[in-house]
Structure formats: structure tokens, C-alpha cells
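Here are the chains, one letter per residue:
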Amino acid sequence: MMLSMKKLSSEKTTWKVREVIKWTTDYLGEKGCQSPRLDAELLLAHALKTDRLGLYLVFDQPLSQRERLIYRELVRRRASREPVALLVGKKEFWSLDIMVRSGVLVPRPETEILVEVVLEECKRLTDGSLLEVGCGSGAVICALCRELPNVTAYATDISAEALQNTVANLALMNNPQSASIFASDLFESVRNGPIFDIILSNPPYIPSNSIPQLEPEIRVFEPKSALDGGPEGLDIIRRLVKTSRNFLKPEGKLIIEIGDEQSEAVSDLFQTNGFSVVKDYNDLNQKIRVLKGII
Ligand code: GLN
């Protein structure tokens, strides 16, 4: 069944929330969206200035004309595969509402594993310091600041948009613990010397030739600089592993998110760069998603 946007705009004069959700689910499904019902609910909740639960409280109520206009525009953009997170300006990560805007990578659920591994490691630290290299939206550093009141946190990124987004998210959290954020191409602007207990990163790791096969949400709407890791996806990881040793205290840890099928190559990189123990952590699909190297 081909559905047209006209339907939502004209034929009917009253559209109830339940009908709109059903209609949009079919429409976005036709357009190739992977989770059309969830998308419909998130977009409609945004248009009605409520949350998903709130929609069910007004399930049988009609949308006003203004709400319908706002929603129709959101659905039109989603149908062209603009990510929901960019349309509503936020994405939930670690139970926090992380603000995202065009130019930063939308936080992924699997990156919560990176947070978990860092937290596990920090149990042993009463104080100490950590550095996130490439903070992007700021999701990871916000989660860590929320969980680790005694750790001194730093984060860098090369992208001005990412730095602004991170600073804004830290401010929005209104958390007593915050982080120092500064512009740097990996470690270039970081003071030399063994200063961190933990260095962590979710670097760009997708092989360049895989980028054209990604879903349009990623390929068209997300920053290539946060995704593209060069020919094997390992360009940034290589630089990161090679240099981080100079910035870690004795027994310091480097914890990084990696791509599918990269664990062997990255474990080798850890070993050739003087990390003695390497541990790996699976994601929910049983793929190795995070590696930890110990000096
Ligand atoms: N996991 C992200 C994706 O699949 C990639 C993020 C990254 O390169 N660090 O889109």
C-alpha cells in the first residue's frame, strides 16, 4: 500500500492520536525506517510537547490544526530519513536526555558499554582523572560526570560543533560534577606527561569503503569525521593507541570502542604499543565492542 503525505494533511478534518500513530507507522515503514512505530510516537510526542507515555493519555483526542502542521513537517523530514534524534533535538543515553544537533554523532546505545567499563574501572579510584578523546555530543562525559563525583574529568574534540554541544549538555545537566572541555586533535593540545588514570574514546572506526553502504540516517545526516576511520577503519585508533601511553599514569588504562571485526587488529596494536593486558567486552549482539588496555 503506498501512502501519501496528502492523506495526513487534507482528506480528514479530525485525526486522533491513535489514528495518526497508526498512519505514520505504515508510512514510515514504507519509507524504509527501521522502527516506524517508535519513530511515530517520538515525533508525535515532540509535536504535542509531551512524552511517549503522555501520548497514551490523549490517545483518543484529536490533534489541533497547529499540532498537525508541526507533526506533518516532522514526518516529512523523517520520511527522507533524517534521524529522529536530530528532528527532536535529543537522544536518551544513560537515562539522560542528551541534546543533539546536526554536526555531532547521535549517541548509540552500544556506547553505554564504554561508560560501564569506565565506571567499573573507576570503582578502584577514590579520586583520579580521566580524559575522553573525541567527546562528540558529550553523552559519554555527561554520563561519567553524573556517576563519578570524585573524578576530575577532561574531554577533547577537534570539532567546534562537538565542543559546543558537549558544553551545552554539561550545562543542561546541572550536575555538581562537570568536566573541562578543550579543542584538540587527539592529544595535540594536551599537556605532556603521565596525568590520567583513564583515557577513553569512541573514535571514528568505520572503514571508508563501508560508508556508502550505511543507512541514509548515518550516511547523509551524520558527520563523516565522526564515523570514517580510513581504509580499515583503524587510522584514528592507531594514533590513539600509539600516543596515549605518554599520557597515562603507571597502571593507567586505555578504554576504547571499536568496530565489528576489529578486536584482533586493535589488540595487536595495544600489545605492540606497550599495553600488557587487553580485555574485551561484548555488546548485546555478542560482538566485541570495547577493548581495555592496561599499561
Ligand atoms: N557505532 C557507530 C555506527 O555504527 C559508529 C561510531 C563510530 O565510528 N565511532 O554508526
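Residues numbered from 1 in each chain as written. Predicted model: local features only at pLDDT ≥ 70, side-chain atom pairs only at ≥ 80, totals over all residues. Heavy atoms only, no water.

1. Overview of the overall build of the chain
Part 1 of the reasoning: The secondary structure content of the chain amounts to 12 helices and 9 strands.
Part 2 of the reasoning: Principal-axis analysis of the C-alpha atoms places the extent of the chain at approximately 70 × 45 × 30 Å.
Part 3 of the reasoning: With 295 residues in all, the chain has 51% of them scored as buried.
Part 4 of the reasoning: Partitioning the contacts of the chain with sequence separation of at least 6, the portion at a separation of at least 24 is 66%.
Part 5 of the reasoning: A total accessible area of about 14,500 Å² is found for the chain, and carbon and sulfur atoms account for 50% of it.
Part 6 of the reasoning: Computed over 37 positive and 40 negative side-chain charges, the separation of the two mean positions in the chain equals 6 Å. (Helix = DSSP H or I, 4+ residues; strand = E, 2+ residues; numbered from the N terminus. Buried < 20%, exposed > 50% of the residue type's maximum accessible area, 1.4 Å probe, protein only. Contact = heavy atoms within 4.5 Å. Areas by Shrake-Rupley, 256 points an atom, 1.4 Å probe, with all protein chains shown as cover. Lys, Arg positive; Asp, Glu negative; His and termini not counted. Charge placed at Lys NZ, Arg CZ, Asp CG, Glu CD.)

2. Quick notes on the site of the ligand
Part 1 of the reasoning: Close to the ligand lie Leu-105, Arg-108, Glu-110, Asn-202, Pro-203, Pro-204, Tyr-205, Ile-206, Ile-218, Ala-226, Leu-227 and Glu-257, which account for all nearby residues.
Part 2 of the reasoning: Side-chain polar atom of Asn-202 to a nitrogen atom of the ligand: 2.7 Å apart, as the coordinates give it.
Part 3 of the reasoning: Side-chain polar atom of Tyr-205 to a nitrogen atom of the ligand: 2.9 Å apart, as the coordinates give it.
Part 4 of the reasoning: Protein coverage of the free-state accessible area of the ligand, which is 300 Å², stands at 89%.
Part 5 of the reasoning: Its residues assigned to classes, the shell around the ligand shows 8 nonpolar, 1 polar and 3 charged. (Near = heavy atom within 4 Å. Polar contact = N/O pair within 3.5 Å; in protein donor to acceptor, adjacent residues only side chain to side chain. Nonpolar A, V, L, I, M, F, W, Y, C, P; charged D, E, K, R; others polar.)

3. Focus on the nonpolar core
Part 1 of the reasoning: One finds Leu-130, Leu-144 and Leu-200 to be the most contacted residues of the largest nonpolar core, which totals 38 residues.
Part 2 of the reasoning: Going through the elements one at a time, α6 (84-88), β2 (96-99), α7 (112-122), α8 (139-147), β4 (152-157), α9 (160-173) and β6 (196-201) are the ones with two or more residues in this core.
Part 3 of the reasoning: If you look at the next biggest cluster of nonpolar residues, it comprises 28 residues, including Leu-186, Tyr-205, Val-241 and Phe-275. (Core = buried A, V, L, I, M, F, W, Y, C linked by side-chain atoms within 4.5 Å.)

4. A short note on the packing of helix α2 (residues 17-30) against helix α3 (residues 36-47)
Part 1 of the reasoning: It is the contact of α2 with α3, at a shortest axis distance of 8 Å, that shows an interaxial angle of 130°. Taken together, the axes of α2 and α3 are oblique relative to one another. When the axes of α2 and α3 are compared, the crossing they make is right-handed. Contact residues: Val-17, Val-20, Ile-21, Thr-24, Thr-25, Leu-28 and Gly-29 in α2; Pro-36, Arg-37, Asp-39, Ala-40, Glu-41 and Leu-44 in α3.
Part 2 of the reasoning: Residues belonging to the contact of α2 with α3 are distributed by class as follows: 7 nonpolar, 3 polar and 3 charged. (Axes fitted to C-alpha atoms, helices over the stretch in contact; angles between N-to-C directions. Parallel < 35°, antiparallel > 145°, perpendicular 65-115°, else oblique. Left-handed = near helix turned anticlockwise from the far one by under 90°.)

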